[in-house]
Amino acid sequence: MSRLLIVHHSPTPTVRTLTDAVVAGANDDAIEGVEVVVREALGATADDVLAADGYLLGTTANFGYMSGALKHFFDTIFLEAGGALSDDGSAGATGSGKKPFGLWVHGRYDTTGAVRSVLSIVGALPWSQAADVLEVMGDVGEEQRASAYELGGTLAALLS
Ligand SMILES: Cc1cc2nc3c(=O)[nH]c(=O)nc-3n(C[C@H](O)[C@H](O)[C@H](O)COP(=O)(O)O)c2cc1C
């Protein structure tokens, strides 16, 4: 049994809808042999990360960056999860990523900086991007829910 860890910050009903679709996709009945573990970003631990074989990360865009909650997650788990820091304290580059990850970001105006902020940190973890980043702006409808479901299913299928 492999394990998919979903770490998210979902502070509003709109974002929660998106997160629920990602989780539902990861739990699709057609996917076997994968345990899906869901953690709010402020509660996820390094043990959660070390016990997982793949990751899905979800955040809002805030001030052109990821949410403080997801940043707290990275601050907490980065070194124990094998993250590489540069001499100046910035995230380095491992180049040896093995565990797959996916990312979704919800915003109202522009998610560019939020996506960049996550990818720059994850680039220093021994993980590899396994799906296109899902960026959703504004209201969440059927199309966005379907994309989120597909993202969840894609990562889970990779681990089955
Ligand atoms: C303090 C603050 C900063 C925000 N900064 C951004 C931002 O940089 N880019 C963006 O697209 N949305 C930004 N937003 C909008 C949030 O991403 C959005 O409110 C969140 O994803 C929840 O979506 P909802 O308000 O539609 O429920 C910001 C919201 C707040 C409260």
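Predicted model, so just to flag it, every value in this text is computed and none were measured.

Cut-off values and rules
- Residues numbered from 1 in each chain as written.
- Predicted model: local features only at pLDDT ≥ 70, side-chain atom pairs only at ≥ 80, totals over all residues.
- Heavy atoms only, no water.
- Buried < 20%, exposed > 50% of the residue type's maximum accessible area, 1.4 Å probe, protein only.
- Helix = DSSP H or I, 4+ residues; strand = E, 2+ residues; numbered from the N terminus.
- Pairing = 2+ DSSP bridges.
- Contact = heavy atoms within 4.5 Å.
- Near = heavy atom within 4 Å.
- Polar contact = N/O pair within 3.5 Å; in protein donor to acceptor, adjacent residues only side chain to side chain.
- Areas by Shrake-Rupley, 256 points an atom, 1.4 Å probe, with all protein chains shown as cover.
- Nonpolar A, V, L, I, M, F, W, Y, C, P; charged D, E, K, R; others polar.
- Axes fitted to C-alpha atoms, helices over the stretch in contact; angles between N-to-C directions.
- Parallel < 35°, antiparallel > 145°, perpendicular 65-115°, else oblique.
- Left-handed = near helix turned anticlockwise from the far one by under 90°.
- Salt bridge = Lys/Arg side-chain N within 4 Å of Asp/Glu carboxyl O.

### Here we look at the pairing of strand S3 (residues 54–62)
Within S3, seven of the nine residues are buried, leaving the element largely enclosed by the surrounding structure. As defined by bridge partners, strand S1 (residues 2–8) adjoins S3 across five bridges and the pair is classed as parallel. The partner of Val 7 across the bridge, within S3, is Leu 57. Judged from the six bridges that link them, S3 and strand S5 (residues 99–107) form a sheet pairing that is parallel. When the bridges of S5 are listed, Thr 59 appears paired with Val 105. Relative to strand S4 (residues 65–66), S3 runs antiparallel, the two sharing two bridges. Bridging across to S4, Asn 62 finds its partner in Tyr 65. Between S3 and S4, which pair antiparallel one after the other, the connecting turn spans two residues, and Phe 63 there sits at a positive phi close to 55 degrees.

### Description of helix H4 (residues 112–122)
Structural remark: α-helix, 3.6 residues per turn; residues separated by three or four positions point the same way. For H4, every residue scored as buried is listed here: Gly 113, Ala 114, Val 115, Ser 117, Val 118, Ile 121 and Val 122. Elements that come into contact with the buried residues of H4 comprise S3, S4, helix H3 (68–77), S5, strand S6 (127–129) and strand S7 (134–137).

### Description of the site of the ligand
By nearness alone, 13 residues border the ligand, and Thr 12, Ala 61, His 106, Arg 108 and Tyr 109 come closest of all. Residue Asp 110 places a main-chain N or O atom 2.8 Å away from an oxygen atom belonging to the ligand. When the ligand sits alone it has 620 Å² of accessible area, and the protein chains cover 72% of it. Counting residues per element, the ones that place at least two in the shell around the ligand are helix H1 (13–26), S3 and S5. Counting residues per element, the shell around the ligand draws most heavily on S3, at three residues. Partitioned by chemical class, the residues of the shell around the ligand number four nonpolar, seven polar and two charged.

### Some details on the packing of H1 against helix H5 (residues 142–159)
Two numbers describe how H1 lies on H5: the axes approach to 6 Å, and their chain directions differ by 40 degrees. Classed by the angle they form, the pair H1 and H5 counts as oblique. Like other packed secondary-structure pairs, H1 and H5 cross with a definite hand, here right-handed. Between H1 and H5, the contacting residues are Thr 17, Leu 18, Ala 21, Val 22, Ala 24, Gly 25 and Ala 26 on the first element and Gln 144, Arg 145, Ala 148, Tyr 149, Gly 152, Gly 153 and Ala 156 on the second. Of the residues that constitute the contact of H1 with H5, the class distribution is eight nonpolar, five polar and one charged.

### Quick word on the pattern of salt bridges
Opposite charge on two side chains makes pairing possible when the charged atoms of those side chains draw close. Following the criterion strictly, the structure yields six salt bridges and no others. Arg 3 is paired through a salt bridge with Glu 35; the nearest N and O atoms lie 3.3 Å apart. Of this pair, Arg 3 sits in strand S1 while Glu 35 sits in strand S2 (residues 34–40), and the two are 32 residues apart along the sequence. Asp 48 serves as the salt-bridge partner of Arg 39, at 3.0 Å between the closest nitrogen and oxygen.

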